[in-house]
Amino acid sequence: MKNSAPVFPIALLLLFIFTSTAFAGKENDYFDRGYEKHLQGDLKAAIKDYTKAIEKNPGFAMAYQMRGEVWQRMKVFDKAINDFSMVISCGEPHFLAVGYYNRGVAKNMAGDFSGAISDFSAALNLDGKMAAAFFHRGIAKGRTGDAFGRIEDFRAAARLGEVNAEKWLNTYYPSWKQPVAIVPPPAPAPAN
């Protein structure tokens, strides 16, 4: 009888560990199922599973990220933007730049070019080597009439290896590899 007393608390502890692990994994199970459906092209079913994963863990940044990507593919940009905003608000360092970038892409696709420029700039402040952010910010700048800004962003993207930016520059601005001459403003006329 002396030895049975410590067994009961240990058994309870083990039961707690196994059940808490089982419950903690539910969001991952839903996420994995959603991802499989996503890959198979069953986007509506993927959204349901990603949503269940988020319900189990409201701070699951990757589930918001993937659900946002599905909404974007379905051209439901307001919901994609909301999910990418949640990725950002979750605050996970590995997801911040990507969250801003993806929200920028969704805003670009929705026609909010100024909002997209702001998001791409935020992504670049976090990761200054994100070639795709330079490229897409260049697209947004072009849509707002900032031709010089578009070229500068495409140049930065191409230098970082963005093939589409390089192709565009080679086609429309073949001297893009040349340094840009900075011309100072004219001096004011002397007063007589």
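Look a little higher up for the structure.
Residues numbered from 1 in each chain as written. Predicted model: local features only at pLDDT ≥ 70, side-chain atom pairs only at ≥ 80, totals over all residues. Heavy atoms only, no water.

### Observations regarding unusual backbone geometry
Part 1 of the argument: The phi dihedral of lysine 75 is positive, around 65°, even though this residue is not glycine.
Part 2 of the argument: The exposure class of lysine 75 is exposed, given its relative accessible area of 59%. (Buried < 20%, exposed > 50% of the residue type's maximum accessible area, 1.4 Å probe, protein only.)

### Structural notes on the packing of aromatic side chains
Part 1 of the argument: In this structure the tally under the stated criterion is seven aromatic pairs.
Part 2 of the argument: An angle of 40° between the planes, with centres 5.5 Å apart, marks the rings of phenylalanine 31 and tyrosine 50 as tilted. With phenylalanine 31 in helix H2 (residues 26-40) and tyrosine 50 in helix H3 (residues 43-56), this residue pair connects regions lying 19 residues apart in the sequence. Comparing phenylalanine 31 with tyrosine 50 shows no difference in burial state: the two are buried.
Part 3 of the argument: With a centroid separation of 5.3 Å and an interplanar angle of 40°, the aromatic rings of tryptophan 168 and tyrosine 172 are classed as tilted. Of this pair, tryptophan 168 and tyrosine 172 are both found in helix H10 (residues 163-172), four residues apart, which corresponds to roughly one turn of the helix.
Part 4 of the argument: On the basis of relative accessible area, tryptophan 168 is assigned to the partly exposed category, the value being 22%.
Part 5 of the argument: A relative accessible area of 59% places tyrosine 172 in the exposed class. (Phe/Tyr/Trp six-rings, centres within 6.5 Å; stacked < 30°, edge-to-face > 60°. Helix = DSSP H or I, 4+ residues; strand = E, 2+ residues; numbered from the N terminus.)

### As for the pattern of salt bridges
If charged atoms from side chains of opposite charge come close, those side chains can pair.
Part 1 of the argument: Overall, the coordinates contain seven salt bridges when judged by the stated rule.
Part 2 of the argument: Two residues, arginine 155 and glutamate 152, come together in a salt bridge whose shortest N-O distance is 3.6 Å. Note that arginine 155 and glutamate 152 are positioned in helix H9 (residues 147-159) at a spacing of three residues, about one turn of the helix.
Part 3 of the argument: Salt bridges sharing common partners tie together Arg103, Lys107 and Asp119. (Salt bridge = Lys/Arg side-chain N within 4 Å of Asp/Glu carboxyl O.)

### A short note on a positive patch on the surface
Part 1 of the argument: Taken together, the side chains of Lys26, Arg33, Lys44, Lys48, Lys52 and Lys56 make up a positively charged region of the molecular surface.
Part 2 of the argument: Mapped by element, the contributors of at least two residues to the positive patch are H2 and H3.
Part 3 of the argument: Residue contributions to the positive patch peak at four residues, all from H3.
Part 4 of the argument: Mapped onto the elements, lysine 56 comes out in helix H3. (Patch = residues over 30% accessible without salt bridge, like charges linked within 9 Å, V, L, I, M, F, W, Y side chains within 5 Å. Areas by Shrake-Rupley, 256 points an atom, 1.4 Å probe, with all protein chains shown as cover. Lys, Arg positive; Asp, Glu negative; His and termini not counted. Charge placed at Lys NZ, Arg CZ, Asp CG, Glu CD.)

### So, the packing of H3 against helix H4 (residues 61-73)
Part 1 of the argument: It is at 9 Å that the axes of H3 and H4 come closest, and there the two elements cross at 155°. When the interaxial angle is binned, H3 and H4 end up roughly antiparallel. Considering the relative orientation of H3 and H4, their crossing is left-handed. Residues Leu43, Ala46, Ile47, Tyr50, Thr51, Ala53 and Ile54 of H3 touch H4, and the partners they reach there are Ala63, Tyr64, Met66, Arg67, Val70, Trp71 and Arg73.
Part 2 of the argument: The residue makeup of the contact of H3 with H4, split by class, is eleven nonpolar, one polar and two charged. (Axes fitted to C-alpha atoms, helices over the stretch in contact; angles between N-to-C directions. Parallel < 35°, antiparallel > 145°, perpendicular 65-115°, else oblique. Left-handed = near helix turned anticlockwise from the far one by under 90°. Contact = heavy atoms within 4.5 Å. Nonpolar A, V, L, I, M, F, W, Y, C, P; charged D, E, K, R; others polar.)

### Some thoughts on helix H8 (residues 131-143)
Part 1 of the argument: In this model, H8 (13 residues) spans 19 Å end to end at C-alpha, consistent with the 18 Å of a helix rising 1.5 Å per residue.
Part 2 of the argument: Immediately beyond the C-terminal end of H8, within one or two residues, lies glycine 145, with a positive phi of roughly 95°. (Expected span 1.5 Å × (residues − 1).)

### Concerning the environment of alanine 156
Part 1 of the argument: Following the sequence through the fold, alanine 156 ends up in helix H9.
Part 2 of the argument: Classification of alanine 156 as buried rests on a relative accessible area of 19%.
Part 3 of the argument: Along the sequence, alanine 156 and glycine 138 sit 18 residues apart, while their C-alpha atoms lie 9.5 Å from each other.

### Description of the side chain of aspartate 83
Part 1 of the argument: Position of aspartate 83 among the secondary structure elements: in helix H5 (residues 77-90).
Part 2 of the argument: Among the polar contacts made by the side chain of aspartate 83, one reaches the side chain of tryptophan 71 at a distance of 3.5 Å.
Part 3 of the argument: Ignoring any residue separated from it by four or fewer positions in sequence, one finds aspartate 83 in contact with Tyr64, Arg67, Gly68 and Trp71. (Polar contact = N/O pair within 3.5 Å; in protein donor to acceptor, adjacent residues only side chain to side chain.)

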